[in-house]
Structures are given as C-alpha cells and as structure tokens.
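Structural features, examined
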Amino acid sequence: MAASVTHPQASVAALAFLPLTRPTIDEETIAGVVQVLRSGWITSGPQVKEFEAKLSAYFGGRPVRAFNSGTCTMEIALRILGIGPGDEVITTPLTWVATSNVILEVGARPVFVDIDPQTRNIDLNKIEAAITSKTRAIIPVDLAGLPVDRDRLYEIANRRKIRVIEDAAQSFGSSFKGKKIGSFGDFVSFSFHPNKNITSIEGGCLVFNTEAEAKLAEQYRLQGVIRTGNDGMDVERVGGKFNLTDVAARVGIGQLPKIDEFNVKRAELVKYYFELFSQQEAKKLGLGLPLANFTDTNWHMFQVMLPGTHMSIKRSDVMGKLTEVGIGSGVHYPVIHLFSLYRSLGWKEGDFPVAENAGRNLLTLPLFPSMTRADVERVVKALVAIVSAHI
Ligand SMILES: *Cc1c(COP(=O)(O)O)cnc(C)c1O
C-alpha cells in the first residue's frame, strides 16, 4: 500500500474512495448537537418532542412518534394491532430482513408475495391470492424509495379489511399522486439510519391515524409505562426500550429541512446515470436500469440489474473489481426466504423466482447528495468496462 502512494503515476491516478453512500450533516447541526450535549439533558426530552412536532407538521399534522430505530416502529405497529401467534402478515421477500423479522418477533407468520420485475416492489396482482382467513396485515416496502401503488394497495386492504403497515424506511420525501408518503394511509414507518435520505444516526418514526394509537405506541416504546400527575406510574402491558435520545433527535431536526434539497440532488445525479448508461448502450451489455420515475421517488438508491449468467464473472467479482478502482457498491437485498432461519421454516429456492433473480443480480451503485457528476462518470465508466470485458 505504501509503495503505491509513493509511485508517481499511482498518486496521479489515486482518487479518493467513493463510498456507496454517506450522510450530509451541516455545521449548524453539529453545533446544535454540541449544545444538547452541554445542556444537561441528553436522552429523550425536549429535542425528541420538537423533532416529533416537526415531523407531524411535515406529514400534514398526523400524529407521529420518534423511536430509536425503524425496525421497532413496525414491531410496535404489529403489537398495537394485537398481531401474534396464528396470524399471517403479507410482505415482500426483497427487502431488508427487518421487515419480516418483526413479524416473527411478535410470533406471527410472514407470507411472502413475489415482486413485480419493473418496480421491484411487491406484485400487487399477486396479493389477493395470498390472503387467507388468518391474514391480519400487509407490510409493503417502497424499495429504493419508489412507492408501491397506494391506490391499488388500499383498495385491496380496505375491501378485505386488512391493516397496512407501510415500510417506508426508504421513501422519506417520496410521494404518490402528489401526496407525500406518510401524509396519508394507515401506519407509516420510516427509518433514520445513516444510509437513509435523512438520518438521526439511528432512529425512526411512526405515523398514526389516531392519537390513541400514538399513545399506545408510547407505552410500547418505554416498558409499558404510563405516568400520571406528579408521582403516578402504572404498567398495563409489556413494552420495550425503544426511545430516541435528544442527541439523535437534534441530528434529525437539522436534517429534516434539507430533505427536498437532498432529494433534488439525488434525482439530478440519477438523471446523469441514466444519460451516461444510455450513451454507453448499457442495454446491449444486458444491464437493466430501474424505472425512470422522476415524479414520485426520492431515489434512495440507484440499482442496476447485472446480466447474470450472460456474464462470465459473478456479482461478487464485479463488486471486488469496483473496490479495486476505489468504488463502493452494495447488495439490496439477498432474498429473505433463502436465509437459513427462513429455510428452516419451510421456504426454498424457486418459491419467488422474480425476487430471487433480483436478489442475485441487483447491484446498488453510489448515490448521495454530496456526490458529483464526475463521480457518476467514474462509476459508469468502471462498471461498463468490467461488464463488457466479461460478456
Ligand atoms: C433501513 C430499513 C429498515 C430498518 O430500519 P432501521 O432504522 O435500521 O431499524 C426496515 N426496512 C427497510 C426496507 C429498510 O431499508
């Protein structure tokens, strides 16, 4: 390594490592965090209250509560609905494993439905066939930020009297038919993990229809505790430890006003990805691009489909070669039903072929607001060179 640094040609060619993603946190937010640290109150307190109020305003006044992850918000929504052993919950196999782990966590059974190859989201044409007398909820996922068709989703859910927990972890700032995701619908869950479009380091929020459900969520958030008066405390149900800290909330408060700016920047970079990939005739190489949606999605991720068996190297080698030239990439996601835990519960290869194909061949490319057009050029050039040498 040291040798390559001193090599004159290497130093000219050496570009900083381009990560898959990185958060953009401004100085005002950093100063705000320092203030919180010095304030004497660092766990859940006034910053969390302010963050929740600002999130609620963002979602048109709906009740919102903040938590220490996106995952726990979905678990809490399931608990509020009383979903447990003997119940089924429909979801997609192509998502972060949290989406279905929470279903197992409450003792219910996930029922996977294959994806639509265009949107890469749950195939709405196949949902009804998966509904049984045990189906209590659907957890759709807006993969890469592209919203599931909410009209069709709620038409089915309402007609079959099934609740919806939207896993909108990736779609903060996305919209459907001009309405912000989170501003309508049933439960809507967001994550503020550092890879998401806005962050609170770790964290998440849940949007509710009623203040009563939000109050219940407060109990599940902290040991089931209900406080009254100056000294009253009671516990009626088992709760967890899911509260957000004020330090984290202050990061979120600094991020929230930036969401539109961040998402505009992402969309510009994605437009450039599309432009360069079409100039490079990506289609001839067998590279599949995502739906070119510039009205609804927040472009949480830019994922290309590799040519699979038409290519003489594996995805893992493509990623290795990208790393060699200083470019990060990622896999979102290996399909859930083929993890050991899920296989042991009865799922097997071939159960959801469209998702399995996507799980094997999707590659996530770098995309984040502080990336430049030159970075996009570098990624496209490198990927096209790697793929065309092995086709
Ligand atoms: C990030 C993510 C989650 C979980 O969020 P955490 O905040 O990490 O718990 C759930 N579902 C999807 C689709 C995600 O991308």
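If you're wondering where the values come from, they're calculated on a predicted model, not measured in any experiment.

About the thresholds
Residues numbered from 1 in each chain as written. Predicted model: local features only at pLDDT ≥ 70, side-chain atom pairs only at ≥ 80, totals over all residues. Heavy atoms only, no water. 1 Å grid on protein atoms, 1.4 Å probe; cavity = no way out; pocket = protein on both sides within 12 Å on 5 of 7 lines; lining within 4 Å. Points joined across faces, edges and corners; volume = space filled by probe spheres on them. Nonpolar A, V, L, I, M, F, W, Y, C, P; charged D, E, K, R; others polar. Domains from an automatic or database assignment. Buried area = accessible area lost by both parts, 1.4 Å probe. Salt bridge = Lys/Arg side-chain N within 4 Å of Asp/Glu carboxyl O. Polar contact = N/O pair within 3.5 Å; in protein donor to acceptor, adjacent residues only side chain to side chain. Helix = DSSP H or I, 4+ residues; strand = E, 2+ residues; numbered from the N terminus. Phe/Tyr/Trp six-rings, centres within 6.5 Å; stacked < 30°, edge-to-face > 60°. Buried < 20%, exposed > 50% of the residue type's maximum accessible area, 1.4 Å probe, protein only. Lys NZ or Arg CZ within 6 Å of the ring centre and 35° of its normal. Pairing = 2+ DSSP bridges. Axes fitted to C-alpha atoms, helices over the stretch in contact; angles between N-to-C directions. Contact = heavy atoms within 4.5 Å. Near = heavy atom within 4 Å. Areas by Shrake-Rupley, 256 points an atom, 1.4 Å probe, with all protein chains shown as cover. Lys, Arg positive; Asp, Glu negative; His and termini not counted. Patch = residues over 30% accessible without salt bridge, like charges linked within 9 Å, V, L, I, M, F, W, Y side chains within 5 Å.

**Notes on empty space enclosed by the protein**
- In the structure shown here, the tally under the stated rule is two cavities of 30 Å³ or more.
- Taken together, Gln118, Thr119, Arg120, Leu143, Ala144, Leu146, Pro290, Leu291, Thr297, Trp299, Met301 and Gln303 make up the lining of the largest cavity.
- Residues of the lining of the largest cavity, tallied by class, amount to seven nonpolar, four polar and one charged.
- A domain-level breakdown of the lining of the largest cavity finds at least three residues from each of domain 1 (27-257) and domain 2 (259-388).
- Roughly 80 Å³ of internal volume is contained in the second largest cavity.
- Lining the second largest cavity we find 15 residues, and of these Arg22, Pro23, Thr24, Lys196 and Asn197 sit closest to its centre.

**Describing the domain arrangement of the chain**
- Here the chain is partitioned into domain 1 (27-257) and domain 2 (259-388).
- Placing a centre on the C-alpha atoms of domain 1 and another on those of domain 2 gives a separation of 26 Å.
- Where domain 1 abuts domain 2, roughly 3,100 Å² becomes buried across the two surfaces, and 59% of that area is made up of carbon and sulfur atoms.
- Of all residues in domain 1, the largest losses of buried area upon contact with domain 2 belong to Phe112, Arg120 and Asn197, amounting jointly to 23% of the total for that side.
- Where domain 1 meets domain 2, there are zero salt bridges.
- Put simply, domain 1 and domain 2 have 20 residue pairs in polar contact (both at pLDDT 80 or more) between them.
- Listed by contribution, the elements that provide at least two residues to the side of domain 1 that touches domain 2 are helix H6 (98-105), strand E3 (109-112) and strand E6 (175-176).

**Quick look at the packing of aromatic side chains**
- Tallied over the entire structure, the rule returns 21 aromatic pairs.
- Both rings, one in Tyr273 and one in Phe302, keep their centres 4.5 Å apart while their planes meet at 5 degrees; by these two values the pair is stacked. Separated by 29 residues along the polypeptide, Tyr273 in helix H11 (residues 259-279) and Phe302 in strand E12 (residues 302-305) bring together distant segments of the chain. Each member of the pair, Tyr273 as well as Phe302, carries the same accessibility label: buried.
- Each residue in the set Phe51, Tyr58, Phe59, Phe172, Phe190 and Phe192 is aromatic and connected to the rest through ring pairs, giving one cluster.
- One cation-aromatic arrangement involves Arg221 over Phe67; the distance from NZ or CZ to the ring centre is 5.5 Å.
- Above the ring of Tyr272, the side-chain terminus of Arg373 is found at 3.7 Å from the ring centroid.

**Quick word on the sheet that holds strand E5 (residues 163-167)**
- If you trace the seven strands from one edge of the open sheet to the other, you get E1-E9-E8-E5-E4-E2-E3, paired in mixed fashion. Of all strands in the sheet, those bounded by a partner on one side alone are strand E1 (64-67) and E3. Geometrically, the sheet is characterised by an average inter-axis angle of 25 degrees between neighbouring strands, direction not taken into account.
- Sheet strands touched by helix H9 (residues 211-221): E1, E5 and strand E8 (187-191). Its angle to E1, the strand with the most contacts, is close to 15 degrees.

**Points about the site of the ligand**
- The local shell around the ligand holds 15 residues, among which Gly70, Thr71, Asp167, Ser191 and Lys196 are the closest.
- A distance of 2.5 Å separates an oxygen atom of the ligand from a polar atom in the side chain of Thr71.
- A distance of 3.4 Å separates an oxygen atom of the ligand from a polar atom in the side chain of Tyr333.
- For the ligand, whose free accessible area comes to 390 Å², the fraction covered by protein is 93%.
- No other element matches the three residues that helix H5 (residues 70-80) contributes to the shell around the ligand.
- Partitioning the shell around the ligand into residue classes produces five nonpolar, eight polar and two charged.

**Observations regarding the pattern of salt bridges**
- Going through the model one piece at a time under the given rule, you end up with 22 salt bridges.
- A salt bridge links Asp351 to Lys348; the nearest nitrogen and oxygen atoms lie 2.9 Å apart.
- Through salt bridges with shared partners, a single ionic network connects Arg65, Glu211, Lys215 and Glu218.

**Considering the side chain of Glu88**
- Note on placement: Glu88 falls in strand E2 (residues 88-91).
- The buried charged residue Glu88 lacks any salt bridge partner; its closest oppositely charged side chain belongs to Lys134, at an N-O distance of 4.7 Å.
- Excluding residues within four positions of it along the chain, Glu88 makes contact with Arg109, Val111, Thr132, Lys134, Thr135, Arg136 and Ala137.

**Structural notes on the environment of Lys49**
- As for its position among the elements, Lys49 is in helix H4 (residues 46-58).
- Using a relative accessible area of 59% as the deciding quantity, one classes Lys49 as exposed.
- A C-alpha to C-alpha distance of 25 Å links Lys49 and Ser175, two positions 126 residues apart in sequence.

**A few points about a nonpolar patch on the surface**
- Together, Ile25, Ile30 and Val34 give the surface a local cluster of nonpolar side chains, amounting to about 200 Å² of exposed area.
- For Ile25, the position within the fold is in the loop between helix H2 (8-13) and helix H3 (27-39).
- Given the relative accessible area of 36%, Ile25 is considered partly exposed.

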